[in-house]
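Geometric and topological summary
Take a look at the letters that make up each chain.
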Amino acid sequence: GSLIRGMGDDGTMSKDPNCAVRTVLGKERFDVVQNAKLLVVGAGGIGCELLKNLVLTGFRNIEVVDLDTIDVSNLNRQFLFRQQHVDRSKAEVATEAVKQFRSGTNITSHHGNVKDAKFGIEFVSKFDVVVNALDNLEARRHVNRLCLAAEKPLLEAGSTGHLGQVTVIKKGETECFECQAKPTQKVYPYCTIRSTPEKPVHCLTWAKNLYDLCFGPEDESNLLSDLATEMRQFQSEDTVDGELVGKKIFQSLFTEDIIKQAALADLWSDERPPPTSLVFEDVIKGDAKAMVPADDNGNVLQAQKVPTVAADALGLVKAVASMYSPDRRSLIGQSAFSKDDSIAMDFVHCAANLRMENYRIGRLSRWDAQSIAGAIIPAVASTNAIVAGLEVVQLMHVLAELGKNKPLRESRCKTVWVRYPEPSRKKILQPSSLLAPNKSCFVCGSRTARIVVKGFGDWKISALAKSCVQGALGAARPAIYFNGSCIFDPEYPEPSEEAAEEGLHPEWTLTEWGLSSGSLLQIEDEGQGFSCNLVVSEDLELDDEKFPTGFQVATTGGEPEKDAGDGAQGDKRKAEAGDENLASKKQATDANCETVALDD
């Protein structure tokens, strides 16, 4: 008890709030903690626990970046937030809360996207260590590249349910975040989504594409782009009856289109019978208020009950009418689906359920639909707390090594996995050695990535930049060069007179730019301090079922090459990596084998 309260040198109780921490850490290490400058990226599930731990450990020079605002669903695990904080900035509220834990702390909050230009290499360079608490792959890649460019240590962490991980990244000394390929979002073949759905997730993917088609910006890659003209015909009108639009959408998609699909005899058999159309007037004769429990348990929330078909039909019309209401009408043409937008979620839930009814697939409650559509896996507060604690432990090891001339792989720094309820080797916490950089990594190693596309004549250079370089390779604002000339500039992503004057034609295909299979491109992203070579090859036989996006990433990092003379040490690293890769695959998939993001 006296240690917790803090004992002075004379044996009396000290009023210094740092006395206990100084006693535990020792003066030298405590001084390092007090003077360290930290950047924390993310103030959500892990971020709240992390900031609390940092302040109570004695860190006092911290800056926090987070884009999100507080949602009511965050309150069950992000303990720094209260009901009155809903809709406020996470970074600001978290900073206010932890300042009360210890006086004298110098914490600055930034409500913004870490990918914004103001948080670039120069900003990152002023910190001793960057500590991540992010929940999405795109931002993690970006911070990884910033830290490599600035040559700053990065603490990387994440959790999914009961599983978690913490590791340390340092340029030239350890694997970077992208040395090993990460699981990507599941992509379904076009024909499955458009014509032959078999699972609820197929119908939810269809419904999300439908929402973006009806209410979002034009997108040629939308899986339902063949319906664009019909779905968008009302957007140009000044006054629209939203309820009438909803009924017309129902008539078009759940009656007429289904009749057309059912007439395609080659698609159907005794094992897979054709879909059945729905007629709005007949459907709404049912009880729109009745709800079917999702299971036999009587203690279920309203959102966990499956609505009737009549409720889904009326719910779809109501959602469309809400989109055309005066306060939402201006957003039509620029909206994007979000699971946290109640109107968007109502639209997607009802549309997906109606399509499930067409194809005799069991319909879902709103709760289940939102979980699948938003790729949600339940977050566990205790896992977040464990991961945040491990991050601080690894941070202490990193700070102890700063200024020393030996790699972090030879220090006490480790990768630590949290594994429960199936612990490895009967241990919930499983540490392993940090791995050396992967020589074939296109970010920190060879700097050469390889992509195979189906047909050069079908790929516009703007599509290559968006889908391949930004989407698959994680660049933020890439410029693309071929034979020393810029063929894509992020300042001119669309065709325009200004672009043409600069000699840029985003609408040109790879063939029109003179590329052939095996052409070498150069990628430059000044904001990330990232550059790499990109070899683009053509394969006219690329399997549409395996690669429905029309391209394959052939090299994104993989197993590190074994150096001559590695011997047992190299074998040990591979054995350790094997267990880690298995856990990472578990972390990346939910019960339906869909890719999910780690908790923030």
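Residues numbered from 1 in each chain as written. Predicted model: local features only at pLDDT ≥ 70, side-chain atom pairs only at ≥ 80, totals over all residues. Heavy atoms only, no water.

1. Here we look at the overall build of the protein chain
Each helix and strand in the protein chain was counted, giving 19 helices and 16 strands. Each of the 600 residues in the protein chain was classed as buried or not, and the buried ones make up 48%. Total accessible area on the protein chain stands at roughly 28,600 Å², and carbon and sulfur atoms take up 49% of it. (Helix = DSSP H or I, 4+ residues; strand = E, 2+ residues; numbered from the N terminus. Buried < 20%, exposed > 50% of the residue type's maximum accessible area, 1.4 Å probe, protein only. Areas by Shrake-Rupley, 256 points an atom, 1.4 Å probe, with all protein chains shown as cover.)

2. Concerning the packing of helix 14 (residues 342-358) against helix 15 (residues 366-373)
For the pair helix 14 and helix 15, interaxial distance at closest approach is 10 Å and the crossing angle is 100°. Taken as axis vectors, helix 14 and helix 15 run roughly perpendicular relative to one another. Counted together, S342, M345, D346 and H349 of helix 14 and R366, A369, Q370 and A373 of helix 15 form the full contact between these two elements. In terms of residue class, the contact of helix 14 with helix 15 is made up of 3 nonpolar, 3 polar and 2 charged. (Axes fitted to C-alpha atoms, helices over the stretch in contact; angles between N-to-C directions. Parallel < 35°, antiparallel > 145°, perpendicular 65-115°, else oblique. Contact = heavy atoms within 4.5 Å. Nonpolar A, V, L, I, M, F, W, Y, C, P; charged D, E, K, R; others polar.)

3. Quick look at the side chain of K52
Relative to the elements of secondary structure, K52 occurs in helix 4 (residues 45-57). Separated by 2.9 Å, the side chains of K52 and N53 make a polar contact. The contact partners of K52, leaving out residues within four places of it in the chain, are F79, V98 and F101. (Polar contact = N/O pair within 3.5 Å; in protein donor to acceptor, adjacent residues only side chain to side chain.)

4. Focus: helix 4
Helix length check: helix 4 (13 residues) gives 19 Å between terminal C-alpha atoms against 18 Å at 1.5 Å per residue, within 8%. With 12 of its 13 residues buried, helix 4 lies for the most part within the structure. Downstream of helix 4 by a residue or two, G58 has a phi angle that is positive, lying close to 110°. (Expected span 1.5 Å × (residues − 1).)

5. As for the environment of T415
Locating T415 in the fold gives a position in strand 9 (residues 415-418). Sequence-wise, T415 and E391 are 24 residues apart; in three dimensions their C-alpha atoms are separated by 10.0 Å. Not counting the four nearest positions on each side in its chain, T415 is found in contact with Q165, V166, T167, Q430, P431, S432 and L434. Here T167 takes part through its side chain, which lies 2.6 Å from a polar atom of the side chain of T415.

6. Describing a nonpolar patch on the surface
A cluster of nonpolar side chains, contributed by I386, Y420, I428 and L429, occupies part of the molecular surface with about 330 Å² of accessible area. Its location among the elements puts I386 in helix 16 (residues 381-401). (Patch = residues over 30% accessible without salt bridge, like charges linked within 9 Å, V, L, I, M, F, W, Y side chains within 5 Å. Salt bridge = Lys/Arg side-chain N within 4 Å of Asp/Glu carboxyl O.)

7. Thoughts on the packing of aromatic side chains
For the coordinates displayed, the defined rule picks out 14 aromatic pairs. Ring plane angle 50° and centroid distance 5.4 Å describe the contact between F250 and F254, whose orientation is recorded as tilted. Within this pair, F250 and its partner F254 are both found in helix 11 (residues 242-262), separated by 4 residues, close to a single helical turn. Taking 5.8 Å as the distance between ring centres and 85° as the angle between the ring planes, the aromatic pair formed by W459 and F551 counts as edge-to-face. One end of the pair, W459, is in the loop between strand 11 (448-453) and helix 17 (461-472); the other, F551, is in strand 16 (residues 551-555), with 92 residues separating them in the sequence. Summarising the burial analysis for this pair, W459 and F551 share the class buried. Among the aromatic residues, those joined into a ring-pair cluster are Y211, F215, Y324, F337 and F347. (Phe/Tyr/Trp six-rings, centres within 6.5 Å; stacked < 30°, edge-to-face > 60°.)

8. What to know about the layout of surface pockets
Roughly 370 Å³ of internal volume is contained in the second largest pocket. Together, 20 residues line the second largest pocket, and R477, P490, D525, E526 and G527 are the ones closest to its centre. Classifying every residue of the lining of the second largest pocket gives 8 nonpolar, 4 polar and 8 charged. (1 Å grid on protein atoms, 1.4 Å probe; cavity = no way out; pocket = protein on both sides within 12 Å on 5 of 7 lines; lining within 4 Å. Points joined across faces, edges and corners; volume = space filled by probe spheres on them.)

9. Re the sheet that holds strand 10 (residues 429-432)
One open sheet holds the 8 strands; their spatial order is 3-2-1-4-5-6-9-10, and the pairing between them is mixed. Where the open sheet ends on each side, the last strands, each with one partner, are strand 3 (106-111) and strand 10. Between one strand and the next, the sheet's axes are offset by a mean angle of 15°, whatever the strand orientation. Of the pairings in the sheet, the one linking strand 9 to strand 10 comprises 4 bridges and is antiparallel in character. Looking across to strand 10, one finds that V418 is bridged to L429. Here helix 5 (residues 90-99) sits on the sheet in contact with strand 2 (61-66) and strand 3, set at roughly 165° to strand 3. (Pairing = 2+ DSSP bridges.)

10. Focus on the confidence of the model for the protein chain
Predicted coordinates in areas of low pLDDT are best not read in detail. When pLDDT is averaged along the protein chain, the result is 84, and 85% of the positions lie at 70 or above. Here residues 556-600 is a poorly scored stretch, pLDDT under 50, and it has 97 contacts once near neighbours within four places are set aside; other chains count. (pLDDT = per-residue confidence, 0-100.)

11. Here's the deal with unusual backbone geometry
In this model, E151 sits at a positive phi of 55°, which is unusual for a non-glycine residue. Among the secondary structure elements, E151 is positioned in the loop between helix 7 (137-150) and strand 5 (154-160). Backbone geometry at R360 places phi at a positive 60°, although glycine is not the residue there. Here R360 is to be found in the loop between helix 14 and helix 15.

12. A closer look at the pattern of salt bridges
Across all of its chains, the model carries 20 salt bridges by this definition. Two residues, E151 and K171, come together in a salt bridge whose shortest N-O distance is 3.7 Å. Highlighted residues: E151 in the loop between helix 7 and strand 5 and K171 in the loop between strand 6 (163-169) and helix 8 (190-194), separated in sequence by 20 residues. Of the residues examined, K171 reaches a relative accessible area of 39% and is grouped as partly exposed. Residue D341 is joined to R328 by a salt bridge in which the shortest nitrogen-to-oxygen separation is 2.9 Å. With a gap of 13 residues between them, D341 in the loop between helix 13 (309-323) and helix 14 and R328 in the loop between helix 13 and helix 14 connect regions that are remote in the sequence. Through salt bridges with shared partners, a single network forms among R141, R145 and E178.

13. Focus: the packing of helix 4 against helix 16
Two elements in contact, helix 4 and helix 16, have axes separated by 8 Å at closest approach and are oriented at 45°. Regarding the angle of helix 4 to helix 16, the classification is oblique. Where helix 4 crosses over helix 16, the two elements pack in a sense that is right-handed. On the side of helix 4, the interface is formed by G45, I46, E49, L50, N53, L54 and T57, while helix 16 contributes N384, A385, V387, A388, G389, E391, V392, L395 and M396. The class makeup of the residues in the contact of helix 4 with helix 16 is 9 nonpolar, 5 polar and 2 charged. (Left-handed = near helix turned anticlockwise from the far one by under 90°.)

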